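What follows is the residue order along each chain.
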2 protein chains.
Amino acid sequence: VKHYAFFVSAIVAIAGLLIFTVPAPGHADEATAAAPYVTEMPQGYRDYQWVSSAHEAGNLNSLGAVLGNDIAMKAYREGKYPFPDGTIIAALHYKNVPSDENNKIFGKVQSFVPGAPTNIQFMIKNSSRYAATGGWGFGFFENGKPVAAASMKSCYPCHEKATDTDMVFTRYAP
Amino acid sequence: VKHYAFFVSAIVAIAGLLIFTVPAPGHADEATAAAPYVTEMPQGYRDYQWVSSAHEAGNLNSLGAVLGNDIAMKAYREGKYPFPDGTIIAALHYKNVPSDENNKIFGKVQSFVPGAPTNIQFMIKNSSRYAATGGWGFGFFENGKPVAAASMKSCYPCHEKATDTDMVFTRYAP
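So, how was this worked out
- Residues numbered from 1 in each chain as written.
- Chains lettered and ligands numbered in written order.
- Predicted model: local features only at pLDDT ≥ 70, side-chain atom pairs only at ≥ 80, totals over all residues.
- Heavy atoms only, no water.
- Core = buried A, V, L, I, M, F, W, Y, C linked by side-chain atoms within 4.5 Å.
- Buried < 20%, exposed > 50% of the residue type's maximum accessible area, 1.4 Å probe, protein only.
- Helix = DSSP H or I, 4+ residues; strand = E, 2+ residues; numbered from the N terminus.
- Contact = heavy atoms within 4.5 Å.
- Least-squares fit on C-alpha atoms with pLDDT ≥ 70 in both.
- pLDDT = per-residue confidence, 0-100.
- Polar contact = N/O pair within 3.5 Å; in protein donor to acceptor, adjacent residues only side chain to side chain.
- Buried area = accessible area lost by both parts, 1.4 Å probe.
- Salt bridge = Lys/Arg side-chain N within 4 Å of Asp/Glu carboxyl O.
- Arc of directions from axis to C-beta.
- Pairing = 2+ DSSP bridges.

S.K.: Which parts of the structure should I look at to understand the nonpolar core?
M.R.: Generally speaking, nonpolar side chains in soluble globular proteins are found buried as a group. Among the nonpolar cores identified, the biggest contains 32 residues, and Trp50(A), Leu92(A), Trp50(B) and Leu92(B) are the most heavily contacted of them. At the level of elements, β2 (62-68), β3 (88-98) and β4 (111-125) of chain A together with β2 (62-68), β3 (88-98) and β4 (111-125) of chain B are the ones that each hand at least two residues to this core. Residues within four places of Trp50(B) in sequence aside, it is in contact with Arg46(A), Trp50(A), Ala65(A), Leu67(A), Leu92(A), Tyr94(A), Ala65(B), Val66(B), Leu67(B), Met73(B), Tyr172(B) and Ala173(B).

As structure tokens, then:
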């Protein structure tokens, strides 16, 4: 049964990732209707401090960073789970591309950098508002607009599996 | 002649990188003696804002981030070169490692994250103090200690080639 559960969860996770890679136009109305997703980008998120970097291999081929607001950073640095209400975590994703200008200087294909932005994802902790999804509101933005709610349905079932870290995949880089 | 010059510069760059990958014990005395390198880590650099992430393939196999102090971020966001005096740019490097806990959930080896910290490099702009190296002071730290001055000699000749961006390789990720 355990193996079967893991298999199902893996399928769900992969399906979620496949959905994420399909460009979905932003439909704010849809997104706000059914489930309480995050449909507005938190102001000032680009000024948040750096939690860690992340590279996703394979089809996603993504390079990016996870940033956190002050509440998130405090919790991360104290190593305290679960994250308190008010936590905002932002994942900024870009195409993972070789830097031609750097590699010309290095004399080989060595430097990979963020290329075109692909999407920005948010997790916002609010135990009452997002009670149905473990206290976390999930947001998924392309070109500054929320994607269709259907595309955000897969966030929670996948994040839910990160049981050791209050559903947050990214750990703090010292 | 142009080709020859590029070939020589490539060799210098590669040699520099090879030197960087050799673990060098910290010798603060050596480092402070000869050239004006940065031999003390700027306080509070971990709280700087995020400029961009970076992945170095090959032997370095590094994943990290570049952070900037307020002066650096302002210049980056205004797209103004050269960077003004007071600019501090920090490059935090880690081993690029697969995240077993994430990949177990994803069902494939997809997620790569910063592993053990390898080194932290700084560039500090001070046109008078670092006049001999284009106004930039270079610093290279392992375990919080500056590496031997010999290992820092290769910073400038390589960075100097990034002529379009005031010797800074990393561009701002929007």
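S.K.: Which parts of the structure should I look at to understand the relation of the copies chain A and chain B?
M.R.: Think of it as a corkscrew move, a rotation about one axis and a shift along it, taking one chain copy to the other. Once chain A is rotated about the relating axis by 180° and shifted along it by 0.0 Å, it coincides with chain B to within an RMSD of 0.0 Å. Interpreted geometrically, this transformation is the action of a two-fold axis. Comparing interface residues between copies, 100% of those in chain A also lie at the interface in chain B; the contact surface is shared.

S.K.: I keep staring at the confidence of the model for chain A and nothing clicks. Help me out?
M.R.: Residues shown with low pLDDT carry predicted positions that ought not to be read at fine detail. Residue and element names in this part refer to chain A. Across chain A, pLDDT averages 87, with 80% of residues at or above 70. Between residues 16-34, whose pLDDT stays under 50, and residues either more than four places distant or in other chains, the model counts 36 contacts. Two numbers describe this predicted complex: its pTM, 0.81, and its ipTM, 0.80.

S.K.: Teacher, can you tell me more about the environment of Gln110(A) here?
M.R.: Relative to the assigned elements, Gln110(A) resides in the loop between α4 (100-106) and β4. The exposure class of Gln110(A) is buried, given its relative accessible area of 3%. In sequence terms Gln110(A) and Pro98(A) are twelve residues apart; their C-alpha atoms lie 7.5 Å from each other. Engagement of the side chain of Gln110(A) in a polar contact is seen with the side chain of Glu56(B), the distance being 2.6 Å.

S.K.: Help me out: how do you make sense of the interface of chain A and chain B in this one?
M.R.: How big an interface is tends to be stated in terms of the accessible area lost upon association of its parts. Between chain A and chain B, the contact holds 47 residues from the first and 47 residues from the second. Both faces combined, the contact of chain A with chain B buries some 3900 Å², and carbon together with sulfur accounts for 57% of it. For chain A, the biggest contributors to the area lost against chain B are Arg46(A), Trp50(A) and Ile105(A); these three give 18% of the whole. On the surface where chain A and chain B come into contact, there are four salt bridges. A salt bridge links Arg77(B) to Asp47(A); the shortest N-O distance between them is 3.2 Å. Across the chain A-chain B interface, the total number found is 25 residue pairs in polar contact (both at pLDDT 80 or more). Breaking the side of chain A that touches chain B down by element, the ones donating at least two residues are α1 (2-21), β1 (49-56), β2, α3 (70-78), β3, α4 and β4 of chain A. Element by element, the count of residues in the side of chain A that touches chain B is highest for β1(A), at eight residues.

S.K.: Would you mind showing me how to read helix α3 (residues 70-78) of chain B here?
M.R.: Working note: α-helix, 3.6 residues per turn, so residues spaced by three or four point in the same direction. Residues and elements named next belong to chain B. Looking at α3, one finds that the buried residues are Ala 72, Met 73, Ala 75 and Tyr 76. Viewed end-on, α3 has its buried residues packed into an arc of 165°, placing them on one side of the element. Facing away from the buried surface of α3 by more than 90 degrees, the exposed residues are Asp 70 and Lys 74. Contacts from the buried residues of α3 go to β1 (49-56), β2 and β3.

S.K.: Explain the side chain of His55(B) here, please?
M.R.: Tracing the backbone through its elements, the reader meets His55(B) in strand β1. The buried category is assigned to His55(B), whose relative accessible area is 8%. Discounting chain neighbours no more than four positions away, the residues touching His55(B) are Leu63(A), Gln110(A), Ser111(A), Phe112(A), Asn61(B), Ser62(B), Leu63(B) and Asn96(B).

S.K.: Explanation requested: α3(A) in the structure shown.
M.R.: Summarising the contacts, the buried residues of α3(A) are in contact with β1, β2 and β3 of chain A. One or two residues past the end of α3(A) sits Gly79(A), with phi positive at roughly 65°.

S.K.: Looking at this structure, I do not really get the pairing of β3(A). What am I missing?
M.R.: Working note: regular strand, side chains alternate between the two faces of the sheet. All names here are of chain A. Counting buried positions along β3 gives eight out of eleven residues, so the element sits mostly inside the fold. Here seven bridges tie β2 to β3, and the two strands are oriented antiparallel to one another. Directly across from Ser 62, in β3, lies its bridge partner Lys 95. Sheet topology note: the β3/β4 ladder contains ten bridges and is antiparallel.

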